[in-house]
Amino acid sequence: SASVLTVACEQTEVLLFDPISSKHIKTLSEAHEDCVNNIRFLDNRLFATCSDDTTIALWDLRKLNTKVCTLHGHTSWVKNIEYDTNTRLLVTSGFDGNVIIWDTNRCTEDGCPHKKFFHTRFLMRMRLTPDCSKMLISTSSGYLLILHDLDLNKSLEVGSYPILRARRTTSSSEITSSSSSAPRTVGSPCHQNESGLLSEKQMSRSSQREGGSPRNSLEVLTPEVPGERDRGNCITSLQLHPKGWATLLRCSSNTDDQEWTCVYEFQEGAPVRPVSPRCSLRLTHCIEEANVGRGYIKELCFSPDGRMISSPHGFGIRLLGFDAYCSELVDCLPKEAGPLKEIRSLYSHNDVVLTTKFSPTHCQIASGCLSGRVSLYQPKF
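Residues numbered from 1 in each chain as written. Predicted model: local features only at pLDDT ≥ 70, side-chain atom pairs only at ≥ 80, totals over all residues. Heavy atoms only, no water.

- An unreviewed UniProt entry lists the chain under the name DDB1- and CUL4-associated factor 10, with Anser brachyrhynchus as the source organism.
- If you open the UniProt record of the chain and go to Sequence similarities (unreviewed entry), you find "Belongs to the WD repeat DCAF10 family." (UniProt positions renumbered as here; feature names shortened; annotations may be inferred.)

Structural data, given as structure tokens:
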């Protein structure tokens, strides 16, 4: 929300600030029974929080003394909240590997009707594109899953996806199903093998609609990351460009000695068959990070216009652009991947910065560090 800055805390608290005056408004001291991980506004007054206590809570800014309701369905830490404003469906993901859909249209004091939509092991982050046509899921094993032509009303068969391998062991990053005889795709740094995860019959049954157009068709990628070709990586943070042009990843090596911020443009175009190989993402820009605070996840973000990236960098943040003039991504697409340009560095913390966010309406950036300090930045005119 543009009028309130909300802060998810490691303990059980949610803090609310006025972003213009920087004044503290309220503390929800027992918002959850464990760490609060993510906050998502559904409109100007309703927002949702999720926690390591395995629940999601809905709140109303006009009545913060009590929750609107608590949602139960996950069996492990809940890390992500997304929202489809057209259908008013809430989408959450957690370390239980589940993506769950909640129907807020039928919300009561006892919660919302919900269903399990998707499951995969090693799930880290889940995002919806701005038009809700795709769902992206990153994993700690270095895979990026994309569900194309998304239909949130149609659950996928949980359990029909064989387990993804925990780590990549070759530079070609083969993806196979749990069956050793399954077909596989090997070659380019960014490739996938849908047929290794779903048989053609399963794909036809679970993702075809009338007229033969696939819904919820699954693509599995191992995104190219500089310097990681022999060691594999963990995709810890996942964001989408506000215009849906690209995805933004923060990756750390399995050995935790390197950390990268990478931008990948979407390459549209349907495959010839639902199970034929394709690669929807192309690495366009990247930059190596400071790798301070190993083991902690650093959440980065696009600016509202998509021209800049704010990225945690040691005890501060870096503002990054696709060129030195903060041009649009579409005007800065190189033939081969190039470096992100550092526009400005901002350091005001005494501990490792773990998260940063642009205001959706004002010239402001917020950052939060491990010791709990929140900083607000705005340009001097």
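## Things to note about the UniProt feature "repeat: WD" (unreviewed entry) in the chain
- Mapped onto this numbering, the UniProt entry annotates "repeat: WD" (unreviewed entry) at residues 29–62 and 71–103.
- Helix makes up 0% of residues 29–62 and strand 53%, and the two end C-alpha atoms of the span are 17 Å apart.
- Helix makes up 0% of residues 71–103 and strand makes up 64%, while its end C-alpha atoms are separated by 11 Å. (Helix = DSSP H or I, 4+ residues; strand = E, 2+ residues; numbered from the N terminus.)

## Looking at the layout of surface pockets
- One number sums up the size of the second largest pocket: a volume of about 430 Å³.
- In terms of lining, the second largest pocket is formed by 17 residues, of which the most central are L319, C363, I365, Q378 and P379.
- Looking at side-chain class alone, the lining of the second largest pocket contains nine nonpolar, five polar and three charged residues. (1 Å grid on protein atoms, 1.4 Å probe; cavity = no way out; pocket = protein on both sides within 12 Å on 5 of 7 lines; lining within 4 Å. Points joined across faces, edges and corners; volume = space filled by probe spheres on them. Nonpolar A, V, L, I, M, F, W, Y, C, P; charged D, E, K, R; others polar.)

## Description of the sheet that holds strand β1 (residues 5–8)
- Read across the sheet, three strands follow the order β1-β2-β3 without closing on themselves; strand pairing throughout is antiparallel. Of all strands in the sheet, those bounded by a partner on one side alone are β1 and β3 (24–28). Each strand axis lies, on average, 15° off the axis of its neighbour in the sheet, ignoring direction.
- The pairing of strand β2 (residues 14–17) with β3 spans four bridges and is antiparallel. Within β3, the position partnered with V14 by the bridge is L28. (Pairing = 2+ DSSP bridges. Axes fitted to C-alpha atoms, helices over the stretch in contact; angles between N-to-C directions.)

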